[in-house]
Amino acid sequence: MLQVCHLAKSYGDLQVLKDVSMKISEGEVVCIIGPSGSGKSTFLRCLNLLEVPQQGEIIYLGQNIMEPQVDIRLIRKEIGMVFQNFNLFPLYTVLNNVSIAPIKNKNFSAKAAKEIAMKVLTDVGMENKIDAYPRQLSGGQQQRVAIARALAMEPKIMLFDEPTSALDPELVGDVLAVMRKLAQDGMTMIIVTHEMAFAKDVADRVIFMDKGYIVEEGTAHEIFSNPQNERTREFLSRVLN
């Protein structure tokens, strides 16, 4: 579904991504791990051009989305994204937060958008909060609404940028349960995460990044049980202990 070829991204003199290449297959769950500052979130944001790389190619379903004639708005309709800090509209109810994207971006009627919103809110266990405002929700509830909002666009790929990092520890489980269900249902997902147990349990493939490079990748079992690179071993020994 998605192929990244020799991606490079800099901010001034700071090179954040250095010759990053990878492939994502349909239905695959890929977790990206690594220390802070390794380029994980920047890489994820490049995949739908929220950050624009200086070099490389991003090929989605056979089309290089970095070519100037590509309408990135159309691509973003198929590549959903969930951020660290929810980014819900504070003056909209839960139902309106979720239904607005199908109305604005896919020209759905209000009735059709509401039906989709109710379905995805039920899927994430938030159907009883449709009239609540974000300020009335816990962080975990807000993040589940954010996931529902992305799902309402019926994406082919979901990107998650450390979706539990802003949550209190007791709220993390509910969000991870929603993501596990998405994985079981066959959603293609790329997840930047610090939740090692989740990555070990859910990921088809784990990618370890450091200093702007993909240092090592493999199955969850390979990476967590028998990492080959010394830097990977050092990182895992710290975070797992």
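Notes on the structure follow. (Residues numbered from 1 in each chain as written. Predicted model: local features only at pLDDT ≥ 70, side-chain atom pairs only at ≥ 80, totals over all residues. Heavy atoms only, no water.)

## Thoughts on the sheet that holds strand β4 (residues 55-60)
- Pairing is antiparallel across the open sheet formed by four strands, whose spatial order is β2-β1-β4-β5. Each edge of the open sheet carries a strand with a single partner, namely β2 (14-24) and β5 (63-64). (Pairing = 2+ DSSP bridges. Helix = DSSP H or I, 4+ residues; strand = E, 2+ residues; numbered from the N terminus.)

## Observations concerning the packing of aromatic side chains
- Taken as a whole and judged by the stated rule, the model has two aromatic pairs.
- Ring centres of Phe89 and Tyr92 lie 5.5 Å apart, and the angle between their planes is 50°; on these two criteria the pair is classed as tilted.
- We classify Phe89 as partly exposed; its relative accessible area is 39%.
- Judged by relative accessible area, Tyr92 falls into the partly exposed class, the value being 34%.
- Measuring from centroid to centroid gives 5.2 Å for Phe208 and Phe235, while their planes differ by 40°, and the two rings are tilted. One end of the pair, Phe208, is in strand β9 (residues 205-210); the other, Phe235, is in helix α9 (residues 230-240), with 27 residues separating them in the sequence. Summarising the burial analysis for this pair, Phe208 and Phe235 share the class buried.
- Sitting over the face of the ring of Phe89, Arg149 holds its NZ or CZ atom 5.7 Å from the ring centroid. (Phe/Tyr/Trp six-rings, centres within 6.5 Å; stacked < 30°, edge-to-face > 60°. Buried < 20%, exposed > 50% of the residue type's maximum accessible area, 1.4 Å probe, protein only. Lys NZ or Arg CZ within 6 Å of the ring centre and 35° of its normal.)

## Observations regarding the pattern of salt bridges
- Taken as a whole and judged by the stated rule, the model has 14 salt bridges.
- A salt bridge links Glu230 to Arg233, with the nearest nitrogen and oxygen atoms 2.8 Å apart. With Glu230 and Arg233 both in helix α9 and three residues apart, this pair spans about one turn of that helix.
- The network of salt bridges with common partners includes Asp210, Arg231, Glu234 and Arg238. (Salt bridge = Lys/Arg side-chain N within 4 Å of Asp/Glu carboxyl O.)

## Describing the environment of Ala110
- Positionally, Ala110 belongs in helix α4 (residues 110-123).
- Along the chain, Ala110 and Ile100 lie 10 residues apart, while their C-alpha atoms are 8.5 Å from each other.

## A short note on the side chain of Gln143
- Tracing the backbone shows Gln143 in helix α5 (residues 139-151).
- Reaching out from Gln143, the side chain makes a polar contact with the backbone oxygen of Phe83 at a distance of 2.9 Å.
- Once you skip the residues sitting within four places of it in the chain, Gln143 turns out to touch Val82, Phe83, Gln84, Phe86, Pro163 and Val175. (Polar contact = N/O pair within 3.5 Å; in protein donor to acceptor, adjacent residues only side chain to side chain. Contact = heavy atoms within 4.5 Å.)

## A closer look at the sheet that holds strand β7 (residues 157-161)
- Taking strand neighbours across the sheet as the criterion, the six strands line up as β6-β7-β8-β3-β9-β10 in an open arrangement whose pairing is mixed. Pairing within the sheet leaves two strands with one partner each, and these edge strands are β6 (79-82) and β10 (213-218). On average, each strand axis in the sheet is tilted by 20° relative to the strand beside it, whichever way the strands run.
- One ladder, built from five bridges, connects β7 with strand β8 (residues 188-192); its direction is parallel. Following the sheet pairing, Met158 is matched in β8 by Met189.
- Sitting on the sheet, helix α6 (residues 169-184) touches β3 (29-33), β7 and β8, and the angle it makes with β8 is about 145°. (Axes fitted to C-alpha atoms, helices over the stretch in contact; angles between N-to-C directions.)

So yeah, pure geometry; function would need other evidence.
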